[in-house]
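If you want the building blocks of each chain, they are given just below.
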Amino acid sequence: MRPPPLLPPLSLLLLLLFGGRGAAAPSADSLSQLPAPRNPKVRLYNAERVLSWEPVSLSNDTRPVVYQVQHKYRSGSTWFDLGDKGEVNCMNITTTECDFTPKGNSVFPRLEFDTFLRVRAKVDDLVSPWLTVPSFRYCRNVTVGPPENIWVTPGEGSLIIRLSSPFDVRAFSATFLYYVHYWEKAGIQQVKGPFRSTSIVLNDLKPLREYCLQVKAQLVCEKGNISRPGHLSNVSCYKTAMDAATKVQQIIVIAVGLFLFLSMLAGACFFLVLKYRGLVKYWFHSPPSIPLQIEEYLKDPAQPILEALDKDSSPKDDAWDSVSVVSFPEKEQEDVLQSTLHQSPGPVQQPVG
């Protein structure tokens, strides 16, 4: 039996070369198997700035997936890690969102520049392709909320409004303008503005009327002359105070009304007293009281109180409680006197002639 022929050295070299390439291929395939994050979303609300995405999942692999976020401006060509200055940490994070809200003295991202973001996933030495987020400009894409801490003080035919800006823009080349939407209840809405101050006075309002209002802020970036209108605040209603003229009128009306009311009350009382004076006299007459001796006798009839009263009583104690004086004309008085003399049983003295 003849042994198998030996391969020539050149063929063996070629086999080793092809075999080496075949062994390195799985490493390249494993790199391509790590997918990139998907569905990126940038949330810009007031000062809040957050990038979020869907998580990357690996089948039959329990190793943790971390993410890396970078940024750059349109005018530049170099990408920078978000977290290289320590103010924002979006390097090798396990969460699926990067909060790059400015902290401290940070001015990223610039309000007037177009900004790009990109994110990728990493598992140990494996990395995914970069997912680049469409560019955004903060002044053009931010959602401005309503003003905060709104205080309203009713004045004399006016409303005094004090408020706070939706967020701080002192570190940026931007400012806020404020507009007030107001209307008398069940009336037509009016708008006043723009106001640069956070203290606003609505004048020329009707006194003692209820007004409802809403306030909104508009972000204006100086560079590019870009403005972004904000959302309206909740509806709140207030009643204006009276002015000086209305106060005088009210005092006069109250005084006249009170005088008329007291006059009518006094007249009604006088009429009732005249009409029901007998009944009023009866109501205010004090009821008769029982003598003390009679009250003691009624409590204990066995006591000889009545006999003691009879002994103590005498004719000299009798008294009259009324005296009648009758007057007659002079002629009738002489006739009555003569009649009395004729009826007298005593002797009549004749005059001595």
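Residues numbered from 1 in each chain as written. Predicted model: local features only at pLDDT ≥ 70, side-chain atom pairs only at ≥ 80, totals over all residues. Heavy atoms only, no water.

1. Here we look at unusual backbone geometry
What counts is decided by this rule: Think of it this way: any DSSP run of H or I at least four residues long counts as a helix, any run of E at least two long counts as a strand, and we number them from the N terminus.
Here the bond from G193 into P194 is cis, since omega is 0°, no more than 30 degrees from zero. For P194, the position within the fold is in strand β13 (residues 190-195). Positioned with a positive phi, D204 is a non-glycine residue whose angle comes to about 60°. Position of D204 among the secondary structure elements: in the loop between β14 (199-202) and β15 (210-221).

2. Observations regarding the sheet that holds strand β2 (residues 48-54)
Our working definition: Two strands are counted as paired when DSSP detects at least two bridges linking them. Angles run from 0 to 180 degrees between N-to-C directions of axes, and those axes are lines fitted to C-alpha atoms, restricted for helices to the stretch in contact.
As summarised here, the arrangement of the three strands in space is β1-β2-β6, forming an open sheet in which the pairing is antiparallel. The strands lining the two open edges of the sheet, one partner per strand, are β1 (38-45) and β6 (97-99). When strand polarity is set aside, the average angle formed by the axes of neighbouring strands in this sheet is 10°.

3. Comments concerning a nonpolar patch on the surface
Threshold: Without a salt bridge and with relative accessible area above 30%, a residue can belong to a patch; like charges are then joined within 9 Å and nonpolar side chains (Val, Leu, Ile, Met, Phe, Trp, Tyr) within 5 Å. Accessibility throughout is a Shrake-Rupley quantity obtained with a 1.4 Å probe, and a residue counts as covered only by protein chains that appear here. When a carboxyl oxygen of Asp or Glu is within 4 Å of a side-chain nitrogen of Lys or Arg, the pair counts as a salt bridge.
Among the surface-exposed residues, F271, L272, Y276, L279, Y282 and W283 lie close enough to one another that they form a single nonpolar patch of about 730 Å² accessible area. Contributions of two or more residues to the nonpolar patch are made by α3 (244-275) and α4 (277-284). The biggest single contributor to the nonpolar patch is α4, with three residues. As for its placement among the helices and strands, F271 is situated in helix α3.

4. Comments concerning the pairing of β2
Strand direction decides the pairing type here: β1 and β2, joined by six bridges, are antiparallel. Considered in β2, the bridge of R43 is made with V50. Counting the residues in the hairpin turn of β1 and β2 gives two residues, including N46, whose phi is positive at 55°. Sheet topology places β2 next to β6; three bridges connect them, and they run antiparallel. Paired with V50 across the strands is D99, a residue of β6.

5. Observations concerning the environment of K216
The test is simple: Contacts: residue pairs with any heavy atoms within 4.5 Å of one another.
In this structure, K216 sits in strand β15. With 71 residues separating them in the primary sequence, K216 and G145 have C-alpha atoms 8.0 Å apart. Setting aside its immediate chain neighbours within four residues, K216 contacts P147, L177, Y178, Y179, H181, G230, H231 and L232.

6. Things to note about the packing of aromatic side chains
Under the convention used in this document: Any Phe, Tyr or Trp ring, taking Trp's six-membered ring, that has another such ring centre within 6.5 Å forms a pair; planes under 30 degrees apart are called stacked, those over 60 apart edge-to-face, and the others tilted. Type-normalised accessible area, obtained with a 1.4 Å probe on protein chains alone, sets the label of each residue: buried when under 20%, exposed when over 50%, and partly exposed for intermediate values.
Scanning the entire structure with this criterion turns up six aromatic pairs. Centre to centre, the rings of F167 and F176 are 5.2 Å apart; their planes meet at 85°, and the pair counts as edge-to-face. We note that F167, like F176, is buried. Each residue in the set Y138, F167, F176 and Y178 is aromatic and connected to the rest through ring pairs, giving one cluster.

7. Quick look at the UniProt feature "transmembrane region" (unreviewed entry) in the protein chain
Applied cut-off: UniProt positions are given in the numbering used here, feature names are shortened, and annotations may be inferred rather than shown by experiment.
Look at the UniProt record and you will see "transmembrane region" (unreviewed entry) annotated at residues 251-274. A helix fraction of 100% and a strand fraction of 0% characterise residues 251-274, whose end C-alpha atoms lie 35 Å from each other.

8. A short note on the pattern of salt bridges
Any two side chains of opposite charge can pair, on the condition that their charged atoms come close. One pass over the full model with this rule turns up nine salt bridges. Ionic pairing is found between R63 and D124, a salt bridge with its closest N-O pair at 3.2 Å. Of this pair, R63 sits in the loop between β2 and β3 (66-73) while D124 sits in the loop between β7 (114-123) and β8 (126-127); the two residues are 61 residues apart in sequence, bridging distant segments of the chain. On the basis of relative accessibility, which here comes to 35%, the residue R63 falls in the partly exposed class. The exposed category is assigned to D124, whose relative accessible area is 56%. The closest approach of N and O atoms between K206 and E184, which form a salt bridge, is 3.9 Å.

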